[in-house]
Amino acid sequence: MKRILITGAAGFLGSHLCDRFIKEGYQVVGMDNLITGDLKNIEHLFPHPHFEFYHHDVSRFIHVPGKLDYILHFASPASPIDYLKIPIQTLKVGSLGIHNCLGLAREKKARVLIASTSEVYGDPTVHPQQETYWGNVNPVGPRGVYDEAKRFQEAMTMAYHTFHGLETRIVRIFNTYGPRMRLNDGRVLPAFIGQALRGEDLTVFGDGSQTRSFCYVDDLVEGIYRLLHSDYAGPVNIGNPDEITIRDFAEEIIKLTGTTQKVIYKDLPQDDPKQRQPDITLARKLLGWEPKVHRSEGLKITYEYFKSLSTDELNKVEHKDFAKYNRV
Ligand code: UDP
């Protein structure tokens, strides 16, 4: 039986990856320091004989007894609100954390896949974004702590690959959504759905003409699963190229939820990328992968998830006003 370590296991993506690898018959070792992760996302796995969990911060030395065949490094804060609230931890997990993961992988002779991000492209001047584009990142802006940590993480991973011959994979993840997103992380989808469910107006930042391309989590997990088992060490975009403006996205959420609230406009956060769309030619060719779940279908499933949350959870929103965190 193959044994896999998943860091960030209690997070949105980490928990879905745990589910997938358990389903595929792996022994899964989950690890999380629970700063942004939530045990609720994986508590259903605790009784499973093939699941283990370590409450540990990967920015500190990682000790896992026994063999490991694979390591997925998914531990990191991952929303603009998080970067502003916990910038140092964001930098540490992308630098010290990846160093520890790569060291552990060498020790165990394991293959490592790291979660990188479309943020390495910054506010892109090339559209759609191909893996060959080097990006347009402000290192000292509010997103710099995340963007530069992820860029460093890619560099470190490539160095271990070329210098130590470690087997490595890099996925560049574009905006992804689905059940278990954190309601209060400030991301646009939980923000809009949460607002609709609480009977508040939907807050569009700027004039809403900025674009994003949203990928349903099951599609992303399938892409990552295929990439891990491929033999390609360079970065690969995984995302859904179906691009939409944030203003139109707000209208879709209004229709989906049937809310009678309206859209209100707030200041655009500093360095907010104007457009983002993955070029997935490489993933198509290399992995025979492309997204299957249409936004209308994925949004319905995600809405059902948010509707199932308790009123207490719905009201436990710390970040109603993103702007107050955007002081850099
Ligand atoms: N956004 C918005 N209203 C919100 C939260 C976000 O208009 O309540 C915008 C945000 O400014 C950005 C887009 O939605 O242009 C996506 O934001 P998110 O934080 O989800 O992800 P990222 O900017 O990292 O792609």
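Anything mentioned here points back to the structure above.
Bear in mind the structure is a predicted one, so any value in this text is a computation, not a measurement.

Draft legend 1. Spatial organisation of the environment of Val171. With respect to the helices and strands, Val171 occurs in strand β6 (residues 168-173). What makes Val171 buried here is its relative accessible area of 0%. Residues Val171 and Leu113, spaced 58 residues apart in sequence, show a C-alpha to C-alpha distance of 7.3 Å. Once residues within four sequence positions are removed from consideration, Val171 is found in contact with Phe74, Leu113, Ile114, Ala115, Ser116, Thr117, Ile224, Leu227, Val236 and Ile238.

Draft legend 2. Broad picture of the site of the ligand. Around the ligand, the surrounding shell holds 18 residues, and the nearest of these are Arg143, Thr203, Arg212, Asp272 and Arg276. Contact between the ligand and Arg143: an oxygen atom at 2.7 Å from a side-chain N or O atom of the residue. Here an oxygen atom of the ligand and a side-chain polar atom of Arg276 are 2.6 Å apart. Its free accessible area being 520 Å², the ligand has 97% of it covered by the protein chains. Listing elements by their share of the shell around the ligand, those giving two or more residues are α5 (188-198) and β8 (202-205). In terms of residue class, the shell around the ligand is built from 8 nonpolar, 4 polar and 6 charged.

Draft legend 3. Broad picture of the pairing of β6. Counting buried positions along β6 yields 6 of 6 residues, so the element is predominantly enclosed. Taking every second residue as pointing to the same face, both faces of β6 are buried, with Thr168, Ile170 and Arg172 on one and Arg169, Val171 and Ile173 on the other. Sheet analysis places strand β5 (residues 111-117) next to β6, joined by 6 bridges and oriented parallel. Note on β6: the bridge partner recorded for Ile114 is Ile170.

Draft legend 4. Structural detail: helix α4 (residues 144-164). A rise of 1.5 Å per residue sets the reference length of α4, with its 21 residues, at 30 Å; its end C-alpha atoms lie 29 Å apart and thus fit the reference within 8%. Restricting attention to buried positions, one finds in α4 the residues Gly144, Val145, Tyr146, Asp147, Ala149, Lys150, Gln153, Glu154, Met156, Thr157 and Tyr160. The secondary structure elements touched by the buried residues of α4 are β4 (70-73), α2 (80-85), α3 (87-108), β5, β6 and β11 (235-238). The first or second residue beyond α4 is Gly165, which carries a positive phi of 70 degrees.

Draft legend 5. Seen up close, the environment of Glu148. Mapping Glu148 onto the fold places it in helix α4. In this structure, the C-alpha to C-alpha distance between Glu148 and Ser95, residues 53 residues apart in sequence, is 9.5 Å. Setting aside anything within four residues of it in sequence, one finds Glu148 in contact with Val137 and Pro139.

Draft legend 6. Region of the structure containing α3. End to end, α3 covers 31 Å across 22 residues, agreeing with the expected 32 Å (1.5 Å per residue, within 8%). Of all the bends found along α3, the most pronounced is centred on Val93 and spans about 35 degrees. Turning to α3, its buried residues number three or more, namely Thr90, Val93, Gly94, Gly97, Ile98, Asn100, Cys101, Leu102, Leu104 and Ala105. On its buried face, α3 sits against β1 (3-7), β4, α2, β5, α4 and β6.

About the cut-offs
- Position numbers for residues count from 1 along each chain, tracking the sequence in the order it is written.
- At least 70 in pLDDT is required for a residue's local features to be given in this predicted model, at least 80 for side-chain atom pairs to be given and counted, and no such filter applies to totals for whole chains, interfaces and linings, which use all residues.
- With hydrogens and water set aside, each side-chain value is computed from the structure's full complement of heavy atoms.
- Put simply, DSSP marks the helices as runs of H or I at least four residues long and the strands as runs of E at least two long, and each gets a number from the N terminus on.
- Only protein chains enter the accessibility calculation, which uses a 1.4 Å probe. A residue is then buried if its area is under 20% of the maximum for its type, exposed if over 50%, and partly exposed in between.
- Throughout, a contact is declared for two residues whenever any of their heavy atoms are within 4.5 Å.
- A molecule or strand has a residue near it when one of that residue's heavy atoms lies within 4 Å.
- For the purposes of these results, a polar contact is taken to be a pair of N or O atoms within 3.5 Å, where, inside protein, one atom must be able to donate a hydrogen and its partner to accept one; residues adjacent in sequence count only when each atom of the pair is a side-chain atom.
- Every accessible area reported is derived by Shrake-Rupley at a probe size of 1.4 Å, with residue values counting cover from the shown protein chains alone.
- Following the grouping adopted for this structure description, the nonpolar residues are Ala, Val, Leu, Ile, Met, Phe, Trp, Tyr, Cys and Pro, the charged ones are Asp, Glu, Lys and Arg, and the polar ones are all others, Gly among them.
- DSSP calls a pair of strands paired once it identifies at least 2 bridges connecting them.
- Here the expected length of a helix is defined as 1.5 Å per residue gap, with one fewer gap than residues.
- Across the chain, bend at a residue is computed as the angle between axes fitted to the seven residues ending at that point and the seven starting from it.

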